[in-house]
Amino acid sequence: MRAPRYLAGFDSAAAMVRATARYLSGRDFPALGFNPLLQPPARLVNSLPRRARELVYIMSGWVETVPPRRLDRFDAGELAAWAAAQYPERRFPGVAVGSSNGAAVHLCAALGIPWLPQTFLVPVRQRVDPDDPVEALGAALGPARRVLDRNPDIQLHHMHDAVQDRLMIRTMTYFRVKRLLLGAAYERFLRERLSPGGTVFVIDCGQTWPTRQIADRHLFQHGAVGGATEEEYREGGPRVAAYLRRYGSPRERWEAPEPDGRSPEAEWGFEPALLDDILRVARECGHRVVRVAFPEPQALSPLVADLYRWWYGQRGIPANRLLVESFIVMEPWWALRTGSVPFWTEFNTEPAFQAVNAYLDRAEPFDDIRLTLFNHGVESVGLVPAERWESLFARSRAGGGWLGAQPDRFPLDFSHYARYQRALRDLPTRCPMPGPLALSRLDSFLAEHGDRYRVRWERLAGSD
């Protein structure tokens, strides 16, 4: 199925669906899943001056934006139908539904099951000052109402983040839409593509964020998960003031609509209203429902990394290479083909860096550590520079290296997106591609090791 006009291909949900679906079809995930004809020109981007590279990045997002007038025809069901249509036409022992999460992509690859996202990004074509959240909210009120009036089964999170998304939000407004009901496409998938007695894994990321309720099913979120803290978005501080000066803003802090509550974080958080509909369909079909609950996106990563290491051991494969991935720069097929242990991070920020180090502090040493970087084009608050990421290589027994990165160009090394996968393919190790890890073996792993993680596995239906 061709991607709907309203889908942001550069977003976590779209990229992670493509990565999962390509793996289940026996294919790899080069260049974030985009057209391979774009890869040679992408490698030339780094030869441009900095400002030109920024413009290339901005325009690459702008071409995917939707003019506000077209929102009168927006149907969130088309996004769900697109996601469901990406997967091979066969039955599966399970399916995951819910939060976007790179570690969950590797979990689905191991189990041989699809993932259906709750949240999609709709990029609306608008020009606003990235450092004026009030202006951004006002400009988006009309477009948001058009989306909500036509789609009663979604919640709209208008996310405005001048840190991670500074370049993109100059030309677009981020509407993240969360499904409150399964809808026709997802319900049909659970009824027709899940084997009798199969398992629905609800990927439930508990990350929340301060929000302002604008109307029924309409929330405004200033800032997002990344390097800056909630307090810095709300009150400013030295890091924010320095950041704004760096980008020529006359402001020292942001003035945003005052939050009046907390909500599931726009990109990563799970909206629990969907759970009732999942349980309804599962009970009608005799499916098992397991909620996989964790407090923040990276909390699932240590468990999945250890699961892969345990699985490799069960298969007699050395588990001595760690593959550190960032955001959508991931590769589930080649992770397994090269016998790499995947550790996913949300971004290249301080919390991500600390998460990798915390994992290495307790894990058995690795011989080799390989690293990708997500380049978002901004020297943002809390960004960890490339030389600090490079220090991770010293934590391996035999060294490590970048996967196609030019660290001196970070965070504007945009040609990295065309090189990371080839660099992973060039690693000499080759392992047999496995069949799916049986759900019973996942249960065995969790029974033996599950209590050491910040992840709760809760059976909600099908316990008999």
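Residues numbered from 1 in each chain as written. Predicted model: local features only at pLDDT ≥ 70, side-chain atom pairs only at ≥ 80, totals over all residues. Heavy atoms only, no water.

### Examining the overall build of the protein
Argument step 1. When its secondary structure is counted, the protein shows 16 helices and 15 strands.
Argument step 2. Taking 23 Å as the expected radius of gyration for a compact globule of 464 residues, we find that the protein reaches 21 Å, a close match to that expectation.
Argument step 3. Taking the principal axes of the C-alpha coordinates as reference, the protein spans close to 60 × 55 × 40 Å.
Argument step 4. For the protein, with 464 residues in total, the buried portion stands at 64%.
Argument step 5. Once local pairs closer than 6 in sequence are excluded, the contacts in the protein between residues at least 24 apart make up 80%.
Argument step 6. Of the roughly 17,100 Å² that the protein leaves accessible, carbon and sulfur atoms contribute 50%. (Helix = DSSP H or I, 4+ residues; strand = E, 2+ residues; numbered from the N terminus. Rg over C-alpha atoms; globule rule 2.2 N^0.38 Å. Buried < 20%, exposed > 50% of the residue type's maximum accessible area, 1.4 Å probe, protein only. Contact = heavy atoms within 4.5 Å. Areas by Shrake-Rupley, 256 points an atom, 1.4 Å probe, with all protein chains shown as cover.)

### Quick word on the packing of aromatic side chains
Argument step 1. Summed over all chains, the structure comprises 25 aromatic pairs.
Argument step 2. For R125, the ring lying beneath its charged end belongs to W62, and the centroid distance is 4.5 Å.
Argument step 3. If you follow R315 out to its NZ or CZ, it ends over the ring of W311, 5.5 Å from the centre. (Phe/Tyr/Trp six-rings, centres within 6.5 Å; stacked < 30°, edge-to-face > 60°. Lys NZ or Arg CZ within 6 Å of the ring centre and 35° of its normal.)

### Observations regarding empty space enclosed by the protein
Argument step 1. The full count for this structure, using the stated rule, is one cavity of 30 Å³ or more.
Argument step 2. Of the pockets and cavities examined, the largest cavity occupies roughly 40 Å³.
Argument step 3. Looking at the largest cavity, the residues that line it are L323, E325, V329, M330, E331, T372, L403, Y420 and L424.
Argument step 4. Listing elements by their share of the lining of the largest cavity, those giving two or more residues are β11 (321–326) and α15 (416–425). (1 Å grid on protein atoms, 1.4 Å probe; cavity = no way out; pocket = protein on both sides within 12 Å on 5 of 7 lines; lining within 4 Å. Points joined across faces, edges and corners; volume = space filled by probe spheres on them.)

### Points about the sheet that holds strand β13 (residues 368–371)
Argument step 1. The strand order across the open sheet formed by four strands is β12-β11-β13-β14, and the pairing between neighbours is parallel. For this open sheet the edge positions go to β12 (340–345) and β14 (400–402), each flanked by a neighbour on one side alone. Neighbouring strand axes in the sheet, compared pairwise and without regard to direction, differ in orientation by 15° on average.
Argument step 2. Note that β11 and β13 share four bridges and pair parallel. Each bridged residue has a counterpart across the sheet, and for L322 the counterpart in β13 is I369. (Pairing = 2+ DSSP bridges. Axes fitted to C-alpha atoms, helices over the stretch in contact; angles between N-to-C directions.)

### Remarks on the pairing of strand β7 (residues 208–215)
In summary, the side chains of a regular strand alternate between the two faces of the sheet.
Argument step 1. Pairing of β7 with strand β9 (residues 261–264), which is carried by four bridges, proceeds in the antiparallel orientation. Bridge assignment links W209 to a residue of β9, and that residue is S263.
Argument step 2. Sheet analysis places β7 next to strand β8 (residues 218–222), joined by three bridges and oriented antiparallel. Among the inter-strand pairings, A215 is bridged to a residue of β8, identified as H218.
Argument step 3. Linking β7 back to β8 in an antiparallel pair, the connection comprises two residues, with R217 at a positive phi of about 70°.

### Looking at the sheet that holds β9
Argument step 1. What the six strands build is an open sheet, ordered β3-β5-β4-β8-β7-β9; its pairing is mixed. For this open sheet the edge positions go to β3 (119–125) and β9, each flanked by a neighbour on one side alone. With strand direction ignored, the average angle separating the axes of adjacent strands in the sheet is 40°.

### Some thoughts on the packing of helix α7 (residues 183–192) against helix α10 (residues 273–285)
Argument step 1. The interhelical angle for the contact between α7 and α10, taken along N-to-C directions, is 35°, at an axis separation of 10 Å. When you trace α7 past α10, the crossing you get is right-handed. Residues G183, E187, L190 and R191 of α7 pack against D277, R280, V281, E284 and C285 of α10.
Argument step 2. Among the residues forming the contact of α7 with α10, the class breakdown is three nonpolar, one polar and five charged. (Left-handed = near helix turned anticlockwise from the far one by under 90°. Nonpolar A, V, L, I, M, F, W, Y, C, P; charged D, E, K, R; others polar.)

### Overview of a nonpolar patch on the surface
Argument step 1. Together, M59, W62 and V63 give the surface a local cluster of nonpolar side chains, amounting to about 270 Å² of exposed area.
Argument step 2. Inspection of the secondary structure assignment puts W62 in helix α3 (residues 50–62).
Argument step 3. Accessibility expressed as a relative area gives 31% for W62, which makes it partly exposed. (Patch = residues over 30% accessible without salt bridge, like charges linked within 9 Å, V, L, I, M, F, W, Y side chains within 5 Å. Salt bridge = Lys/Arg side-chain N within 4 Å of Asp/Glu carboxyl O.)

### Quick word on the side chain of D165
Argument step 1. The residue D165 is located in the loop between β4 (154–160) and β5 (172–179) in this model.
Argument step 2. Residues contacting D165, with those up to four places away along its chain left out, are M159 and Y174.

### Focus on the nonpolar core
Argument step 1. By size, the foremost hydrophobic cluster in this structure holds 163 residues, and its most contacted members are F74, F201 and W389.
Argument step 2. Non-local contacts of F74, meaning those with residues more than four positions away in its chain, are made with Y6, L79, V122, V147, R150, N151, I154 and V177. (Core = buried A, V, L, I, M, F, W, Y, C linked by side-chain atoms within 4.5 Å.)

### Thoughts on the packing of helix α11 (residues 301–315) against helix α16 (residues 439–449)
Argument step 1. Put simply, α11 and α16 touch, their axes get as near as 11 Å, and they point 115° apart. The angle between α11 and α16 places the two elements in the roughly perpendicular class. Considering the relative orientation of α11 and α16, their crossing is right-handed. Of α16, the residues touching α11 (which contributes L303, D306, L307, W310, W311 and Q314) are R441, L442, F445, L446, E448 and H449. (Parallel < 35°, antiparallel > 145°, perpendicular 65-115°, else oblique.)

### Looking at the pairing of strand β6 (residues 194–205)
Argument step 1. Most of β6 is tucked away, with nine of its twelve residues classed as buried.
Argument step 2. Note: β6 against strand β10 (residues 288–294), seven bridges, orientation parallel. By the bridge assignment, T199 is partnered in β10 with R288.

### A closer look at unusual backbone geometry
The bulk of non-glycine residues show a negative phi, and the bulk of peptide bonds are trans.
Argument step 1. Residue F410 is joined to P411 through a cis peptide bond whose omega torsion reads 10°.
Argument step 2. Inspection of the secondary structure assignment puts P411 in the loop between β14 and α15.
Argument step 3. One non-glycine residue with positive phi stands out, namely L32, at about 60°.
Argument step 4. In this structure, L32 sits in the loop between α1 (12–24) and α2 (39–42).
Argument step 5. A positive phi angle, close to 70°, is found at R217, a residue other than glycine.
Argument step 6. Among the structural elements, R217 can be located in the loop between β7 and β8.
Argument step 7. Note on R217: relative accessible area 17%, which makes it buried.

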